[in-house]
Amino acid sequence: MAALMKSLAGRALKFSLAANFNLNRCGQAPRLCIRSFSTVMSPPSKAIVYEDHGSPDSVTRLVNLPPVEVKETDVCVKMIAAPINPSDINRIEGVYPVRPPVPAVGGYEGVGEVYAVGSKVNGLSPGDWVIPSPPSSGTWQTYVVKEESVWHKIDKACPMEYAATITVNPLTALRMLEDFVNLNSGDSVVQNGATSIVGQCVIQLARLRGISTINLIRDRAGSDEAREQLKALGADEVFSESQLNVKNVKSLLGNLPEPDLGFNCVGGNAASLVLKYLREGGTMVTYGGMSKKPITVSTTSFIFKDLALRGFWLQSWLSMGKVKECREMIDYLLGLARDGKLKYETELVPFDEFPVALDKALGKLGRQPKQVITF
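Here's what I pulled together on the structure shown here.

Taken as a whole and assessed by the stated rule, the structure comprises seven aromatic pairs. Its guanidinium or amino end placed over the ring of Y108, R91 lies 3.8 Å from that ring's centre, counting from NZ or CZ.

For the rest of this paragraph, the subject is the pattern of salt bridges. If you walk through the whole model with that rule in mind, you get 15 salt bridges. Taking the shortest distance from any N to any O, the salt bridge between R338 and D155 comes out at 3.2 Å. Residue R338 is located in helix α11 (residues 323-338), and its partner D155 is located in the loop between β10 (151-154) and α4 (160-165); the two are separated by 183 residues in the primary sequence. For D155, a relative accessible area of 40% gives the class partly exposed. R175 is the salt-bridge partner of E178, the closest N and O atoms lying 3.4 Å from each other. A residue pair is termed a helical-turn pair when its members lie 3 or 4 positions apart in one helix, as E178 and R175 do in helix α5 (residues 169-179) at three residues.

All right, on to the sheet that holds strand β14 (residues 261-264) then. Read across the sheet, six strands follow the order β13-β12-β11-β14-β15-β16 without closing on themselves; strand pairing throughout is parallel. Strands at the two margins of the open sheet, each flanked by one partner only, are β13 (237-240) and β16 (308-311). Strand-to-strand twist in this sheet, taken as the mean axis angle between neighbours without regard to direction, amounts to 20°. Inspection of the sheet shows β14 paired to strand β15 (residues 283-286) by four bridges, in the parallel sense. Looking at the pairing, F263 lines up with V285 of β15. Seen against the sheet, helix α8 (residues 268-277) touches β11 (188-191), β12 (212-217), β13, β14, β15 and β16 and runs at an angle of roughly 150° to β12.

Criteria and cut-off values
- Numbering of residues starts from 1 in every chain and runs along the sequence as written.
- The predicted nature of this model means local features are confined to residues of pLDDT at least 70 and side-chain atom pairs, given and counted, to a pLDDT of 80 or more, with totals for whole chains, interfaces and linings taken over all residues.
- To obtain the side-chain values, all non-hydrogen atoms of the structure were included, while hydrogens and water were left out.
- Paired rings are identified among Phe, Tyr and Trp, the last through its six-membered ring, by centres lying within 6.5 Å, and are further divided according to the angle between planes into stacked (under 30 degrees), edge-to-face (over 60) and tilted (the rest).
- Only when the NZ of Lys or the CZ of Arg is both within 6 Å of the ring centre and within 35 degrees of the ring normal is a charge said to sit over the ring.
- Here, a salt bridge means any Lys or Arg side-chain nitrogen found within 4 Å of an Asp or Glu carboxyl oxygen.
- Counting from the N terminus, the helices are DSSP H or I runs at least four residues long and the strands are E runs at least two residues long.
- Categorising residues by exposure relies on relative accessible area from a 1.4 Å probe, with only protein chains included: less than 20% of the type maximum marks a residue as buried, more than 50% marks it as exposed, and the intermediate range marks it as partly exposed.
- Two strands qualify as a pair provided DSSP detects at least 2 bridges between them.
- Structural elements are reduced to axes, namely lines fitted to C-alpha atoms, with helices fitted over the stretch in contact, and the angle between N-to-C directions of any two is expressed from 0 to 180 degrees.
- Contacts are assigned to residue pairs with any non-hydrogen atoms lying within 4.5 Å of each other.

Take a look at the structure:
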C-alpha cells in the first residue's frame, strides 16, 4: 500500500494542508481546483485496492487515496458504475495472463462522468459520459485520472448499467459471431453457458441477424426458470445437459439446421456436447473454462468431421490496434441496449456494500445477476 500511495502522491502537488480535504467524504468532494503553480488536482478518492494476489475477499480493502495531478492531456472522471467481472477476480487472484502490478486498484470497465479536463483536452467536457475504451484497469474507485485517449464519449441516454458493462461481455459475443464463420440468415449456432451474459448476448445478436441458437445449460435448481428466460430473449432451443444423454443429439434439432459454429465457455463434458452438435467442417470457439476441465475431442471428430477448434480472447483482439473499430461496435451495442434490443440482468450495489457484491460475484450466495457497483 505504501508503494501505491507514494506513486499517487508523486503525481500530486505538494500543497498546504489548509486545503483541508475530508478523505472520509471523498465521494462528495466539492469541485475544488488547487491553483498553486496552475496545477489542477483531482478530488481525493475511495478505492478498492489489493496489495497482493490471492482470494479477492481476503486481499481487497477499501482505502482513501490522495488527490492526483490532472495533467494537460488528462481527464478526471467521477465514476458512476463499474461491474465485477470474472476476469477482474482472476486478475486479483493472479491467474489472468495480463494484470497490473500490485499494489493495484481493481476493476477493468465501467462508466463515469467527466469531472475536470487538462488544458490541452479538446474532445471532452465536464458532464460528458465516458467509458475506458479499450478497457483500462483501476475503475473501482470514485475518481479516475487517465489520458484523454483512454476515454470514449458515449450517449447519456443509455442506461448506466449497460454503459458500465457493454465492453467485456457483449463485445465478446459480437466478435465471436463475426470473426470465425461467415454466418447468414437461416444458419444456426450452438453454445454452452447460455445463461451467462455473453450467452444471452449471443442469443439476441444472432436473432437480429436471423440466426437460430441452440443453447445448453447445466442441471441445477432454477433450470426451468432459466430456460424460460432464455426463450424470452429469443433462444430457439434450450436443453439441459441431462436432456442430451441420447445417442444422437442432432435428433433434437427438429427443423433447425446443423450448426456451423459453436461457443464454449465451460470445458469438460459441456464442450463435448457442443462438438456433437456441429456439422461436418464446423468450428468451436472457446472463450472460457468455468469448469476448469480440459476439452476432449474424439479422433473421429477430427478425421471424419474435420472439426476446427479455435480460441477467442477479447484483450488480444483489442491489442491489434482495433480502437476505432471497437468504439464503433460499442456505440452500436449501446444503441441496441438503449432501444431495448439487448438485455441482460444486473444488480446495482452501492459502493459501500462492495463486500456483499464481491461475495455474490464469487458465487458464495448461489447464482446471482452481474454485480454492478454504483458510486
